[in-house]
Amino acid sequence: MYRSDLLSPVGASAGALVHVRDERSRKLGSALYSSASQIAIRLLSSEEITDAALPDLVRRRIGNAANFRRQIAHNTDSCRIIFSEADLLPGLIVDQYNDVVVLQALIQAFDREDLRRPVLDSLTEHFSAASIVERVDPHIRELEQLPPRESQLLRGERSRTIVTLNGVRFHYDALSGQKTGAFLDQRENYAAAARYAHGAALDVFTYQGGFALHLAPVCESVTAIDSSRPALEVAEQNEQLNRAQHRSGEIEWIEANAFDLLKDYAAVGHEYDTIVLDPPAFAKTKRALPTALRGYKELNLRALKMLRPGGILVTCSCSFHVSEAEFLEMLGSAASDAGHVVRILEKRGAAQDHPVLLNVPETAYLKCVIAQVLH
Ligand code: SAH
């Protein structure tokens, strides 16, 4: 609930458990309060729970979240364990990277010592062999008006490990990299892309090689582009880990601005059989939507023009402000401008360990469309 939805000021301290009533004094349940965020209240339960019962509730929900992941995450040693609202633990994110568990507290409540303790204890109980690292986003702490804190190792000894997604291996370091490091939400999309990929492949916005390393075992050649040199250096180290399975020969890693490079490649007549587009979120706000859609269209149009008949386009958007319908409309318009007939093979979202909570559209941010150029 946004601050602007509150009828009266909240007389509670930062991060407190509060009870919520509607304008007719009907009980709506219990929530975690933030004194700083525009999202003032995050509902935790439709019951009125007490402070004393809160640690147990958190422990139970962590247990449920961990059990659910055991049920659904296959062919991986890494996945998202707690996805905030979608696991009824608003403001808490926990990812498992093999034997390193990474937690992020996004709201004041999960910065409270008396809540951090049950969180850490239950993570230790469910992932007894793992180290636990807290990753801090300084910007979020500032927004929540929390004192600065460094990312740090909380339990165990290691922050670095090797993770295996769909049989493909990646270096992971919890104390460096963007987001929490690897892009776990794309895990199932990597495997899906590899089912259709063939021939000459181009992975645009490769980061540390997520798609490229899944394409290399099935494609004849793979070129991967990113503007970040440090990301490409990790990508090359990841390539070394997987070399033996690669059919493509060496992956060509190119540091460049994707927009410029695609333009140049199209101008000199480069052609591909598989292209992946996985750009950063172009629409960070609702207002940025029209500009974002133009950016997506430019990329998709250039990619479609370079695909041979039968070619596969794997195109993603992680902007939650761009709906699936808007994304498909953009793609349709790019296909007609390119003069191609294109069919959709799969409409996908984030991996199953990132469940979507009905009525919280922010949890359905990732779109991944796999399409084929017929002619
Ligand atoms: N496909 C990746 C995730 C991509 S995240 C994976 O599966 O892991 C987006 C990436 O786009 C980042 O690595 C960022 O460095 C890169 N990037 C952002 N703007 C760019 C631009 N204009 N040209 C090329 N790369 C860009």
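Residues numbered from 1 in each chain as written. Predicted model: local features only at pLDDT ≥ 70, side-chain atom pairs only at ≥ 80, totals over all residues. Heavy atoms only, no water.

(A) Just a nonpolar patch on the surface, in detail. A cluster of nonpolar side chains, namely Met-1, Leu-28 and Leu-43, defines an oily patch on the protein surface of about 230 Å² accessible area. Mapped onto the fold, Leu-28 is located in strand β2 (residues 27–33). Judged by relative accessible area, Leu-28 falls into the partly exposed class, the value being 34%. (Patch = residues over 30% accessible without salt bridge, like charges linked within 9 Å, V, L, I, M, F, W, Y side chains within 5 Å. Areas by Shrake-Rupley, 256 points an atom, 1.4 Å probe, with all protein chains shown as cover. Salt bridge = Lys/Arg side-chain N within 4 Å of Asp/Glu carboxyl O. Helix = DSSP H or I, 4+ residues; strand = E, 2+ residues; numbered from the N terminus. Buried < 20%, exposed > 50% of the residue type's maximum accessible area, 1.4 Å probe, protein only.)

(B) Geometry of the site of the ligand. In the vicinity of the ligand, 16 residues are found, and the nearest of them are Tyr-190, Phe-205, Asp-226, Ala-258 and Asp-278. In this structure, a nitrogen atom belonging to the ligand sits 2.8 Å away from a main-chain N or O atom of Ala-258. For the ligand, whose free accessible area comes to 590 Å², the fraction covered by protein is 86%. Grouping the amino acids of the shell around the ligand by side-chain chemistry returns eight nonpolar, six polar and two charged. (Near = heavy atom within 4 Å. Polar contact = N/O pair within 3.5 Å; in protein donor to acceptor, adjacent residues only side chain to side chain. Nonpolar A, V, L, I, M, F, W, Y, C, P; charged D, E, K, R; others polar.)

(C) Region of the structure containing the pairing of strand β3 (residues 41–45). Of all five residues in β3, four are buried, a share of seventy percent or more. By the bridge criterion, four bridges tie β2 to β3 in an arrangement that is antiparallel. Bridge pairing in β3 links Ala-31 to Leu-43. (Pairing = 2+ DSSP bridges.)

(D) Structural detail: the packing of helix α1 (residues 54–72) against helix α2 (residues 113–126). Where α1 meets α2, the closest approach of the two axes is 9 Å, and the angle between their N-to-C directions is 30°. The two elements α1 and α2 cross, and the hand of that crossing is right-handed. Contacts between α1 and α2 involve Leu-54, Pro-55, Val-58, Arg-59, Ile-62, Gly-63, Ala-66 and Arg-70 from the first element and Asp-114, Leu-115, Pro-118, Val-119, Ser-122, Leu-123 and His-126 from the second. Its residues assigned to classes, the contact of α1 with α2 comprises nine nonpolar, three polar and three charged. (Axes fitted to C-alpha atoms, helices over the stretch in contact; angles between N-to-C directions. Left-handed = near helix turned anticlockwise from the far one by under 90°. Contact = heavy atoms within 4.5 Å.)

(E) Seen up close, the sheet that holds β2. With antiparallel pairing, the three strands of this open sheet are ordered in space as β1-β2-β3. Either end of the sheet is taken by a strand with one partner, and the two such strands are β1 (17–21) and β3. Neighbour-to-neighbour, the strand axes of this sheet turn through a mean angle of 45°, independent of strand direction. Here β1 runs beside β2; their pairing, made up of five bridges, is antiparallel. Paired with Val-18 across the two strands is Ala-31, which belongs to β2.

(F) Main features of the nonpolar core. Counting 37 residues, the largest nonpolar core has Tyr-172, Phe-211, Leu-215, Val-222, Ile-251, Trp-253 and Val-314 as its most contacted members. At four residues, helix α5 (residues 210–215) tops the list of elements feeding residues into this core. Grouped together as the second largest cluster of nonpolar side chains are 34 residues, Ile-275, Tyr-296, Val-322 and Met-330 included. (Core = buried A, V, L, I, M, F, W, Y, C linked by side-chain atoms within 4.5 Å.)

Read these as layout, nothing more, since geometry by itself doesn't imply function.
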